[in-house]
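For reference, the chains in residue letters:
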Amino acid sequence: NYIDTTTHQQLASTTVTGAYQSQLPNPTLAPIKAYLAAGYRLVSNDFPTTVSPFVSDALTKTYTVQLAQQIETLRPGDTLPAKMVLQRVGTETVHFDYPNKTVAAPTRQQRVLYTRTATLNLVTGAIHYSAWQSSGLTTFVAVVPPTVTNYRSDLARLNAIPVNADSSDLVKTVIYEPKKAELTVTHREAETKQSTGLLTEKTGAVAAVPVAATVL
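Procedures and definitions
Note that residues are indexed from 1 along each chain, following the sequence as it is written. The predicted nature of this model means local features are confined to residues of pLDDT at least 70 and side-chain atom pairs, given and counted, to a pLDDT of 80 or more, with totals for whole chains, interfaces and linings taken over all residues. Based on all heavy atoms of the structure, the side-chain values leave hydrogens and waters out of the count. In this scheme, strands are said to pair when DSSP sees at least two bridges between them. Strands here mean DSSP runs of E at least two residues long; helices mean DSSP runs of H or I at least four residues long; both are numbered from the N terminus. Throughout this description, the term nonpolar core refers to a set of buried Ala, Val, Leu, Ile, Met, Phe, Trp, Tyr and Cys residues connected via side-chain atoms within 4.5 Å. Accessible area is worked out with a 1.4 Å probe on protein chains only. A residue is then buried under 20% of its type maximum, exposed over 50%, and partly exposed in between. In what follows, residue pairs with any heavy atoms lying within 4.5 Å of each other are defined as contacts. Contacts described as polar in this section are N or O atom pairs within 3.5 Å, which, within protein, must combine one atom able to donate a hydrogen with one able to accept it, while residues neighboring in sequence count only if both atoms come from side chains. By definition, a salt bridge exists where a carboxyl oxygen of Asp or Glu is found within 4 Å of a side-chain nitrogen of Lys or Arg.

(A) Region of interest: the pairing of strand 7 (residues 103-115). Relative to strand 7, strand 6 (residues 87-97) runs antiparallel, the two being bridged by ten bridges. When the sheet's bridge partners are listed, Thr-93 is paired in strand 7 with Gln-109. The antiparallel hairpin formed by strand 6 and strand 7 contains five residues in its connecting segment, where Lys-101 sits at a positive phi of about 75°.

(B) Representation of the pairing of strand 2 (residues 9-12) in the model. Judged from the three bridges that link them, strand 1 (residues 2-4) and strand 2 form a sheet pairing that is antiparallel. For Asp-4, the partnering residue across the bridge sits in strand 2 and is Gln-9. The turn joining strand 1 and strand 2, which pair antiparallel and follow one another in sequence, is formed by four residues; a positive phi near 60° is taken by His-8.

(C) Local environment of the nonpolar core. One finds Val-94, Phe-96, Ala-104, Ala-105, Val-143, Val-148, Leu-158, Val-174 and Tyr-176 forming the largest nonpolar core, which totals nine residues. For this core, the secondary-structure elements that each account for two or more residues are strand 6, strand 7 and strand 14 (170-178). In this structure Val-174 touches Val-94, His-95, Phe-96, Asp-97, Pro-145, Ser-153, Asp-154, Leu-155 and Leu-158, once residues within four positions along its chain are discounted. Counting six residues, the second-largest nonpolar core is a separate cluster that includes Ile-32, Tyr-35, Tyr-40 and Leu-67.

(D) The arrangement of unusual backbone geometry in detail. A positive phi angle, close to 60°, is found at His-8, a residue other than glycine. One non-glycine residue, Lys-83, adopts positive backbone phi at about 70°. Tracing the sequence through the fold places Lys-83 in the loop between strand 5 (71-74) and strand 6. We classify Lys-83 as exposed; its relative accessible area is 84%.

(E) Structural view of the side chain of Asn-121. Structurally, Asn-121 is set in strand 8 (residues 118-121). In terms of polar contacts, Asn-121 uses its side chain to reach the side chain of Gln-69, at 2.8 Å. In this structure, Asn-121 is in contact with Gln-69, Gln-70, Ile-71 and Ala-126, ignoring residues within four places of it in sequence.

(F) Spotlight on the sheet that holds strand 12 (residues 151-153). What the five strands build is an open sheet, ordered 10-7-6-14-12; its pairing is mixed. Edge strands, defined here as strands with exactly one partner in the open sheet, are strand 10 (133-134) and strand 12.

(G) View of the pattern of salt bridges. One pass over the full model with this rule turns up one salt bridge. Between Asp-169 and Arg-88 there is a salt bridge whose closest N-O contact spans 4.0 Å. One end of the pair, Asp-169, is in the loop between strand 13 (161-162) and strand 14; the other, Arg-88, is in strand 6, and 81 residues separate them in sequence.

Here it is in structure tokens:
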């Protein structure tokens, strides 16, 4: 009898006959070879190899071959079956651009590595995964946009974001606009130094830091 010790079920049964204390080629060798090729491992085989299998006075003698389904544990870095994924990287990418999409400051990226293991039943092909484990981070930390001279970012801060292995990758863009300044020109009479009144007031984009100017 060939028994699967994993499921406790009988796989097959073979009957051989012979005279009392006669010898015959071991009939278990070929079936065991086939079971090993199918993913089993041999646990035990009590079919005799040094004495006659018909040594018993009984007309019927039963021998048992025990086989177990092999379970292989797979880890990141092992040679894996197709479509098996045991690691992934979650990312948050923040770009810092001018309105014309040129780069205002270097891109910042945060990465979290997630890994897991899997068990593969070599007989049935069944796969079971462990829970994802992170490299330590569970949150993308808050990002404060860098200072760019004469420019103002449209966001003062990007808040921290909790993440897990199922989170989508994040891509964000911070836009830097030129700072705006108000330039006021006051005209005064040279002799009296009294103001003639506000004549001109303009607001617009300038390349320098905000200033206030007085013309005499």
